[in-house]
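Descriptive structure summary
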Amino acid sequence: MQLITCPWCGPREETEFRYGGQADLAYPADPSALDDEQWARFLFFRDNPKGAFAERWCHDAGCRRWLRAVRDTRTYVFAETRPYGRSTV
Amino acid sequence: MTRVEGYGRIDRTRTVSFTFDGVPYTGHPGDTVASALLAHGVTTLGTSVRLGRPRGVVGSWTEDPGGLVQVEEPFPEPMLLATTLEVTDGLVARGVAGRGRLAQVADTARYDHRHVHCDVLVVGAGPAGLVAARAAARAGQDVVLVDDRPTPGGTLTGTETVDGRPATEFVDAVVAELAAAPHVTHLQATTAFGHYDDGFVLALERHGETTGRSARQRVHRIRAGRVVVAAGAIERPIVLEDNDRPGVMLASAARDLLHRHGVLVGREVVVFTVDDAAYAAALDLHGAGAAVRVVDGRAQAPAGWAARCAAAGVPVEAGTDVRGTLGTDRVRAVLVGETRREVPCDLLLVSGGWNPTAHLFSHVGGPLAFDDELVGFRPAAALPGTTVVGAANGTFALADVLREAGGADAPSAEPEVITPRRTLWRTPGDPARQFVDIARDATVADVARAVGAGMTSVEHVKRYTTIGTAHDQGKTSGVVASGITAELLGRPVGALGTTTFRPPYTPVPFAALAGRDRGDLYDPVRTTPVHHHHVAAGAVFEDVGMWKRARYYPHPGEDMATAVLRECAAVRRSVGVMDGSTLGKIDVRGPDAAVLLDHLYTNLMSTLKVGRVRYGVMCGDDGMVLDDGTVLRLAEDRFLVTTTTGNAAHVLDRMEDWLQTEWPHLRVRLTSVTEQWSILAVAGPRSRDVVGRVFADVDVSNDAFGFMTWQDTALDGVPVRLARISFSGELAFEVSVASWYAADLWVRLLEAGAEHGITPYGTETMHVLRAEKGYPIIGQDTDGTVTPQDLGMSWVVSRKKPDFVGKRSFARPLNSDPGRKHLVSLLPTDAATTLPEGSQVVAFTDRDPEQHADRGVLPPPPVPMLGHVTSSYRSAELGRPFALALVRGGRDRLGEVVGVPVGDQLVAARIGGTVLVDPEGARRDG
Amino acid sequence: MTAEPTLTARHPLESRRAALEALPGEPTITLDPLVSAVDLRVDPEPATLAALGAALGGTLPHTADAWTAIADGQALRLGPDEWLLTSAAATPHAWEDRVDALAAPHGGMAVDVSAQRVGLRLRGPGVRDLLAFTCSIDLRPAAFGRGRCAQTLLGQAAVLLVAHGDDDLAVLVRTSFAGYVVDRLVDHAGARTSRLAPV
């Protein structure tokens, strides 16, 4: 049972969180400008690195804030967790 | 009897009675089944799993590979270790022939969990653990000290001295100091069985049957700032011929049984060792009255120990070894040296050195490396947050152990010289009779077969031979197997390593892992404020997510089909009322609320006027339908969104996701109000009369209160919101009130509708009524691969908005494939068969159209699948069964007959549009 | 026809009251009376918090997972821009209107959530031990002393824990989960036939 440090609530057990997949996949400014392959890449393709991976978690059972984490996929160790946007403390 | 006076920590003033293999025995509090049976001279407890050879006790605690018993009373439990099972009055056990038997009844004893937070967790209350805990307590830290044995002290027997006094006195003093310290929790009979991320350790506390504690076993979920592993070490056997015979034991086990339980396991004892520690066992057993002889496998016996043995009259023979044992179900002699000289004895004690118990270090990725001086694997690197001290770290001299664990205020002990150990995994002999893992009947020959088959990894050898896979997980056999494999491969054992240690360290009952998460507490039950009225009305409930929803309200003698037909008829012909409180509700507020909703719904919400209601569909980026519901515009900057019951949390997360991570500039706030508001749906041609009667101040006429509009009013001073929303096609109102008042409002509606025979209806009726109108249920008629267009709901997809979630995907070629499945209705042509939901839809082939127009034949496989039935009911209104189905190109096949396999028949069904009742929509306005 | 019931605020846990009263000894678990509550959302500018606090007869908590007293109620911080404000004096709608009006000039808003949650009060020695059977967060007084609050899980239900004192805690829970939460607490409290000291 890992601890994930919610930037707002502090360290909590991972069961309080919901995984949100890879981070930093911005929604395209104009999806209609993308061809089918580009759109399919946005929809379906995700990185799968061995090592540091930026990902999103939502503290569902707590403050309901999304956070951006960097986790090492080899060790599971979280290098950092940061709040998003307006949820800056 | 082999009990000796003056030894042991058992309470000899009290006697407990138990039964083993049908024979009554007695023991004392403090005894284990093993010690009590050994005290009675019982050395064979069962037979082995593959070869049926006799099996007895080899170790004295969890490391024992041999002494498995089946408990029958007080509760059946399979394969417990006699060495760890405390004797209690009335205990009934028997030996096992390799395997035990699970109970056939539920375990009703109480098991629970407890969360514990501490600065320091110390695992092991031997000398290392005690001084480590004391040091932490003195530093003012929150300390938890756990130890798996019933009493503290570890291997200290009282013959050692600490700070100049007997070690047992020292133990008592430390325990007393810890008990008096604030913030120290000291638990005996508690096994730390797993070490996980971030200082998380699971420990199983065994309260036993007789202690009167609230739970039989408790799992402590410990979160520690620092974990100190002081778990000691486990002695290792030396493999020799017929070493599985009862009467072959670890030297430490015999010493432990003497000092803990006052049991002298043998009268004529041979000690075969390559390590100094076994000499203490030899001298202690000699002192307790046994005739003892030492065979030291090293070239020379250690001088100090040899002198003490000589003084005591214990013969020592060095530079030779023990090659095998003789006997039937118990050792009667051993074979010494190359000449296999027969030496009579009734007990062979072996000591091949020690394996540090570093499992909890290894669980979290701590590396182990072979130490030539130790002749064993020990922790090889520092791990943040975890410290290993004492024998678990490969430190054996007591003075060194105390210093390593206690730091600056460590107590002192006499220095001792430890003579170098010899690496000896086995002695020469017949590999087929040299047992590496006696719990698995695995021999050196099995290891040789694995190596001969080309295996070079200890992990592969383990799985090929099953060594180390029994209840003891190779505590005594694992490293020996590595050593023998290395010898056979001609490689150093350090290069091979050990197999991976994984939790649990010792077996843990599933009942303990489940704790209180069983029965009614297994899963939360969510109920609405009207729940008790549904119960009183005899409702049958169904689970929707965690919610209990009333499914139907059977009258006496009614089955579900009859009750649902009655409820449906009531709504279509008069009026019904349903508790819709479980719908997800989200208050969406802020200047940019409409912008957010326009983006998340496929249709336009910004054009919705205050006071009006709009149905909306949400899709994923891939264009597939995720959820649907109604949207009420409460104010220019405020909407109330409803979601399906099961999707409420998901939809809210998704909206927050957009707001927090994609568009944080939007000024919108979301608030879950699912439980704030209860929704009671009043549906049917008489609903206007009922709502009008309860809310006399509201003009409920169609002109004043149009379809898809809402109005606020009050009842008894309590604010109420009315909305003209219909999920049945009938004239209908949704009545919303703060949930505190919902139960009373439910009663008021029932009373107001009594003259019209108002009928409470459940989710099953709701499903039938909506299906008759072709309204899909997200998650039943859709499965994540269905677009709004597939549902025939192109009208809900805006063509005006430049973008919304899912829009781009609608332009993908796949989405305009004419072969996509469409939602259609299916009417069985026999007007009698209810098609099972989930049935496949295939082409219909006539068998003999003249005779059986409604039945066809299934062609030989492969049979192309056209789709499947998603919803299927009997309709009171239509007087026949009907279904909804997803069918390839369905909307282009209206009127066609397809086949649906039902049992061994192919039922003919005609494809039609989805709206089967009131296609003109004349009823919604009453 | 029977007399039509006047709409009355029914406590969601009325059916559990007897089970709670039947619990042996301490800690006790009682039902908090129903109070008005709003979810306040506003950007946490210091000047805003100061103004709102002054208007509400107290101060709003400036740090995460903390609560403060305001006139007739509490201010519990739920998130960076989110507070739960309770009032035992105002009606739910009056409370929503009042806080909404106060927050509006600061770009904030209030939403009535009075009936969204229900409160349980746990008092007496061992109250933290009782919660430790099912809550995973660090409940030691040094980590969760008076003035702290935390949104976390009790079993599988999301709850808001509120520390009123060393032996005095409150559990706020969404009403649909309240029965489950009470059943869990009663299950643990009822099993504590003897004082489990230290555990």
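Structural notes, computed from the coordinates. The structure displayed is predicted, hence computed values, not measured ones. (Residues numbered from 1 in each chain as written. Chains lettered and ligands numbered in written order. Predicted model: local features only at pLDDT ≥ 70, side-chain atom pairs only at ≥ 80, totals over all residues. Heavy atoms only, no water.)

Counting across every chain of the model gives nine cavities of 30 Å³ or more. Considered as a void within the structure, the largest cavity measures approximately 170 Å³ in volume. Split into classes, the residues belonging to the lining of the largest cavity amount to eleven nonpolar, three polar and one charged. (1 Å grid on protein atoms, 1.4 Å probe; cavity = no way out; pocket = protein on both sides within 12 Å on 5 of 7 lines; lining within 4 Å. Points joined across faces, edges and corners; volume = space filled by probe spheres on them. Nonpolar A, V, L, I, M, F, W, Y, C, P; charged D, E, K, R; others polar.)

Take the side chain of His-113 of chain B next. With respect to the secondary-structure elements, His-113 of chain B resides in strand S8 (residues 111-123). There is a polar contact of 2.8 Å between the side chain of His-113 of chain B and the backbone oxygen of Ala-512 of chain B. Within the structure, His-113 of chain B has its side chain in polar contact with the backbone oxygen of Leu-513 of chain B (distance 3.0 Å). Ignoring sequence-local partners within four residues, the contact set of His-113 of chain B consists of Val-219, Arg-221, Ala-512, Leu-513, Ala-514 and Gly-515 of chain B together with Phe-133 of chain C. (Helix = DSSP H or I, 4+ residues; strand = E, 2+ residues; numbered from the N terminus. Polar contact = N/O pair within 3.5 Å; in protein donor to acceptor, adjacent residues only side chain to side chain. Contact = heavy atoms within 4.5 Å.)

Residue and element names in this part refer to chain B. Where helix H9 (residues 444-452) meets helix H11 (residues 478-489), the axes come as close as 10 Å, and the angle between the chain directions of the two elements is 50°. Between H9 and H11, the interaxial angle falls into the category oblique. Along this stretch, H9 crosses H11, giving a crossing that reads as right-handed. Contacts from Val-444, Val-447, Ala-448 and Val-451 in H9 reach Ile-484, Thr-485, Leu-488 and Leu-489 in H11. Its residues assigned to classes, the contact of H9 with H11 shows seven nonpolar, one polar and no charged. (Axes fitted to C-alpha atoms, helices over the stretch in contact; angles between N-to-C directions. Parallel < 35°, antiparallel > 145°, perpendicular 65-115°, else oblique. Left-handed = near helix turned anticlockwise from the far one by under 90°.)

All right, on to the interface of chain C and chain A then. Facing the 18 residues of chain C at the interface are 14 residues of chain A. Counting the surface lost from both chain C and chain A, the interface buries some 1300 Å², and carbon and sulfur atoms represent 48% of this. Contact with chain A buries area across many residues of chain C, yet Pro-80, Gln-151 and Leu-153 of chain C alone supply 37% of it, more than any other trio. Inspection of the chain C/chain A interface yields three salt bridges. The closest approach of N and O atoms between Glu-82 of chain C and Arg-65 of chain A, which form a salt bridge, is 2.8 Å. Taken together, chain C and chain A are joined by five residue pairs in polar contact (both at pLDDT 80 or more). (Buried area = accessible area lost by both parts, 1.4 Å probe. Salt bridge = Lys/Arg side-chain N within 4 Å of Asp/Glu carboxyl O.)

Turning our attention to the packing of helix H2 (residues 127-138) of chain B against helix H3 (residues 167-180) of chain B. When two helices pack together, their arrangement is given by the angle between their axes and by how far apart the axes lie. Residues and elements named next belong to chain B. With their axes 10 Å apart at the nearest point, H2 and H3 run at an angle of 30° to one another. Of the two possible hands of crossing, H2 and H3 adopt the one that is left-handed. Residues Leu-130, Val-131, Ala-133, Arg-134, Ala-137 and Arg-138 of H2 form the contact with H3, whose participating residues are Phe-170, Val-171, Val-174, Val-175, Glu-177 and Leu-178. Its residues placed into classes, the contact of H2 with H3 shows nine nonpolar, no polar and three charged.

Let us look at the sheet that holds strand S7 (residues 91-95) of chain B. Residues and elements named next belong to chain B. The strand order across the open sheet formed by five strands is S2-S1-S7-S5-S6, and the pairing between neighbours is mixed. Edge positions in the open sheet fall to strand S2 (23-27) and strand S6 (77-81), since each of these has one partner strand only. Averaged over neighbouring strand pairs, the angle between their axes works out to 40° when direction is ignored. The pairing of strand S5 (residues 68-73) with S7 spans four bridges and is classified as antiparallel. What sits directly across from Glu-73, in S7, is Val-92. (Pairing = 2+ DSSP bridges.)

Residues and elements named next belong to chain C. With respect to burial, strand S8 (residues 149-154) is a largely interior element, six of its six residues being buried. For S8 and strand S9 (residues 157-165), the ladder comprises six bridges, and the chain directions are antiparallel. Note that in S9 the partner of Thr-152 across the bridge is Val-159. Where S8 hands over to S9, the hairpin turn is made up of two residues, of which Gly-155 adopts a positive phi near 60°. (Buried < 20%, exposed > 50% of the residue type's maximum accessible area, 1.4 Å probe, protein only.)

This part is about unusual backbone geometry. For the bond running from Pro-503 of chain B to Pro-504 of chain B, omega is -5°, close enough to zero to count as cis. With respect to the helices, strands and loops of the structure, Pro-504 of chain B is situated in the loop between helix H12 (493-496) and helix H13 (510-514). With an omega dihedral of -5°, the bond running from Glu-26 of chain C to Pro-27 of chain C counts as a cis peptide bond. For Met-79 of chain B, which is not a glycine, the phi torsion comes out positive at approximately 55°. Taking the relative accessible area as the measure of exposure, Met-79 of chain B reaches 32% and is therefore partly exposed. Although it is not a glycine, His-183 of chain B adopts a positive phi angle of roughly 65°.

With that out of the way, let us pick up the interface of chain C and chain B. Chain C puts 54 residues into the contact, and the matching count from chain B is 55 residues. With both chains or domains summed, chain C and chain B bury close to 4900 Å², and 52% of this area falls on carbon and sulfur atoms. At the junction of chain C and chain B, the tally comes to twelve salt bridges. One salt bridge in this structure joins Arg-669 of chain B and Asp-81 of chain C, with 2.2 Å as the shortest N-O distance. Counting across the chain C and chain B interface gives 33 residue pairs in polar contact (both at pLDDT 80 or more). Looking at the side of chain C that touches chain B, the elements with two or more residues in it are strand S2 (36-41), helix H3 (92-103), strand S6 (109-112), helix H4 (127-132) and helix H5 (175-191) of chain C. If you tally residues by element for the side of chain C that touches chain B, the top one is H5 of chain C, at nine residues.

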